[in-house]
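Given next are the chains, with one letter for each unit.
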Amino acid sequence: MRDADGVTESCSKMFDMSIQEINGKGPKKRKKSLEPNCDIDRGECGNEKVEVKNGGGVNEESKEEQRRVGDKSVELLHWRDMPQHLQFNPYVLTGYRPLQSFGGCVRSLFYFHNETINILTHGVSLLYMMAVLPGLLPWGGGGGAWFLSLCHLMGALAPWCGSFLYHLFMNHTQGASLYHRLLQLDMLGIWVSQSIGAIPMVTATVYCAPTLLRYAALAVYCLGSLIGLYKAMRAWSPWERRLCFAAPFCMRLLLAGARAANLAGGDPHAILHVFLQDAVSLGGGVIGAMHIPEKWFPGTVDRCLNSHNIMHVLVVLAVYSMHQVTTRDLAWMSSVDCRRL
């Protein structure tokens, strides 16, 4: 009798719930998200675990296969599927990595996505510079050549370090907070290259100037560079991040004009690279900020030949010109007699 009463009571409750649902008073079913933000590495989709079920239970074999295959099964996402902090280029539509752990970001080096070119151009350049550049600089020269060589080495290595880490780990699961820290690290590397890396050229340009003028020029340049660093660490938009280097850029342009007019020092045969080191870098920055050419052909250059890829290649060329200027100016300063000029 107790069992019969229990069944009767259960049926009654089910009947009452059905009546409530018909009247619109019952519990509503939760709608599934059409665009879930999934983390492949952690096996999560939103706040729910991604599980493969087999007859009502979890298929352990499928989970083990997913762990074994790893990121080979990563599904690249569309621009609209990405978090807001990664939607910085609306014209690159596909090829985005999902949010990943540290290991997942590292493993993304071994498959092709829309950051692969950006990572490899700076990663390969970094390894090459570390292996070759120190042996090309006159560390034992006089006139503070070791310090100027160190400035050049820092300026040549810094942009690759910051940008490599930024592009590799920008899709980390820690989200926007880590992303903005990586962006600041990238900007710091650019600042070191644009400011400290150019000190040998500035020094050579005013090398034979009167002592007061020489130190005043170096002090003004360093002050403008520090102001640029402050702005770079607080910039949010692409144009703000590029304009924060305007003060040292304008001073380098002024010094380059003085060299071209034979009113200042420096190796006269390096004048072409004096202009190229800034002109090429400026052109790359403008292309990157204007999103050219993907702005004209959205979705067609997602993984290569987009504006950021082009900017990275141009930065490599700009650093090459900076190296040519520095090595020639260092040789010029070690041999010049300012009293004869």
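What counts and what doesn't
Residues numbered from 1 in each chain as written. Predicted model: local features only at pLDDT ≥ 70, side-chain atom pairs only at ≥ 80, totals over all residues. Heavy atoms only, no water. Phe/Tyr/Trp six-rings, centres within 6.5 Å; stacked < 30°, edge-to-face > 60°. Helix = DSSP H or I, 4+ residues; strand = E, 2+ residues; numbered from the N terminus. Buried < 20%, exposed > 50% of the residue type's maximum accessible area, 1.4 Å probe, protein only. Disulfide = S-S within 2.5 Å. Salt bridge = Lys/Arg side-chain N within 4 Å of Asp/Glu carboxyl O. Axes fitted to C-alpha atoms, helices over the stretch in contact; angles between N-to-C directions. Parallel < 35°, antiparallel > 145°, perpendicular 65-115°, else oblique. Left-handed = near helix turned anticlockwise from the far one by under 90°. Contact = heavy atoms within 4.5 Å. Nonpolar A, V, L, I, M, F, W, Y, C, P; charged D, E, K, R; others polar. Expected span 1.5 Å × (residues − 1). Core = buried A, V, L, I, M, F, W, Y, C linked by side-chain atoms within 4.5 Å. Patch = residues over 30% accessible without salt bridge, like charges linked within 9 Å, V, L, I, M, F, W, Y side chains within 5 Å. Areas by Shrake-Rupley, 256 points an atom, 1.4 Å probe, with all protein chains shown as cover.

Engineer: Teacher, can you tell me more about the packing of aromatic side chains here?
Structural biologist: Two descriptors summarise a pair of aromatic rings, namely the distance from one centre to the other and the angle between the planes of the rings. Overall, the coordinates contain five aromatic pairs when judged by the stated rule. Ring geometry for tyrosine 166 against tyrosine 179: centres 5.6 Å apart, planes inclined by 50°, an arrangement best described as tilted. You can see tyrosine 166 sitting in helix α5 (residues 145-169) and its partner tyrosine 179 sitting in helix α6 (residues 176-194), a full 13 residues away along the chain. Residues tyrosine 166 and tyrosine 179 agree in their burial class; the two are buried.

Engineer: So what exactly am I meant to see when it comes to the state of the cysteines here?
Structural biologist: Working definition of a disulfide: a covalent bond connecting the sulfur atoms of two cysteines. For the coordinates displayed, the defined rule picks out one disulfide. Here cysteine 151 stays unpaired: no disulfide links it, and the sulfur of cysteine 222, its closest cysteine neighbor, is 8.8 Å away.

Engineer: Quick question: what am I supposed to make of the pattern of salt bridges here?
Structural biologist: One side chain can pair with another of opposite charge once the charged atoms of both are near each other. Under the criterion given, the structure shown has three salt bridges. Of the charged contacts, one joins arginine 252 and aspartate 278 as a salt bridge, the two residues approaching to 2.9 Å between their closest N and O atoms. With arginine 252 in helix α10 (residues 246-260) and aspartate 278 in helix α11 (residues 271-290), this residue pair connects regions lying 26 residues apart in the sequence. Here arginine 252 falls in the buried class, since its relative accessible area comes to 2%. Among the salt bridges present, the one from arginine 259 reaches aspartate 329, with a minimum N-O distance of 2.9 Å. In this pair, arginine 259 is assigned in helix α10 and aspartate 329 in helix α12 (residues 307-335), connecting sequence segments 70 residues apart.

Engineer: Honestly, the packing of α11 against α12 in this entry has me stumped. Any pointers?
Structural biologist: Two packed helices can be described by the angle between their axes and the distance between those axes. Remark: α11 packs on α12, axes separated minimally by 8 Å, with the N-to-C direction vectors making an angle of 165°. Comparing the axis directions of α11 and α12 gives the class roughly antiparallel. For the element pair α11 and α12, the recorded crossing hand is left-handed. Contacts between α11 and α12 involve His273, Val274, Leu276, Gln277, Val280, Ser281, Gly283, Gly284, Gly285, Ile287 and Gly288 on the former and, on the latter, Ser307, Ile310, Met311, Leu314, Leu317, Ala318, Tyr320, Ser321, Met322, Gln324, Val325 and Arg328. Among the residues making up the contact of α11 with α12, the classes are represented as twelve nonpolar, ten polar and one charged.

Engineer: When you look at helix α4 (residues 116-132) in this model, what are you seeing that I'm missing?
Structural biologist: Counted at 1.5 Å a residue, the expected span for α4 with its 17 residues is 24 Å, and the 24 Å between its end C-alpha atoms agrees. Of all the residues in α4, the buried ones are Thr116, Asn118, Ile119, Thr121, His122, Gly123, Ser125, Leu126 and Met129.

Engineer: Just to check I follow, could you spell out the nonpolar core for this structure?
Structural biologist: It is characteristic of soluble globular proteins that their nonpolar side chains tend to be buried jointly. Formed by 28 residues in total, the largest nonpolar core has its most connected members in Val202, Tyr221, Phe245 and Met333. Looking at this core, the elements that each hand over two or more residues are α5, α6, α7 (199-205), α8 (211-234), α10 and α12. Counting 15 residues, the second largest nonpolar core, distinct from the first, contains Leu86, Val92, Tyr96 and Leu183.

Engineer: Which parts of the structure should I look at to understand a nonpolar patch on the surface?
Structural biologist: A grouping of Trp139, Trp146, Phe147, Leu150 and Met154 is seen on the molecular surface, where their side chains present a nonpolar patch of about 490 Å² in accessible area. Topologically, leucine 150 is positioned in helix α5.

Engineer: Where do I start with unusual backbone geometry in this structure?
Structural biologist: The phi torsion of most residues other than glycine is negative, and most of the peptide bonds are trans. Backbone torsion omega between isoleucine 292 and proline 293 reads 15°, so that peptide bond is classified as cis. Within the fold, proline 293 resides in the loop between α11 and α12. With a phi close to 60°, asparagine 262 is a non-glycine residue in the positive phi region. Structurally, asparagine 262 can be placed in the loop between α10 and α11. Taking the relative accessible area as the measure of exposure, asparagine 262 reaches 67% and is therefore exposed.

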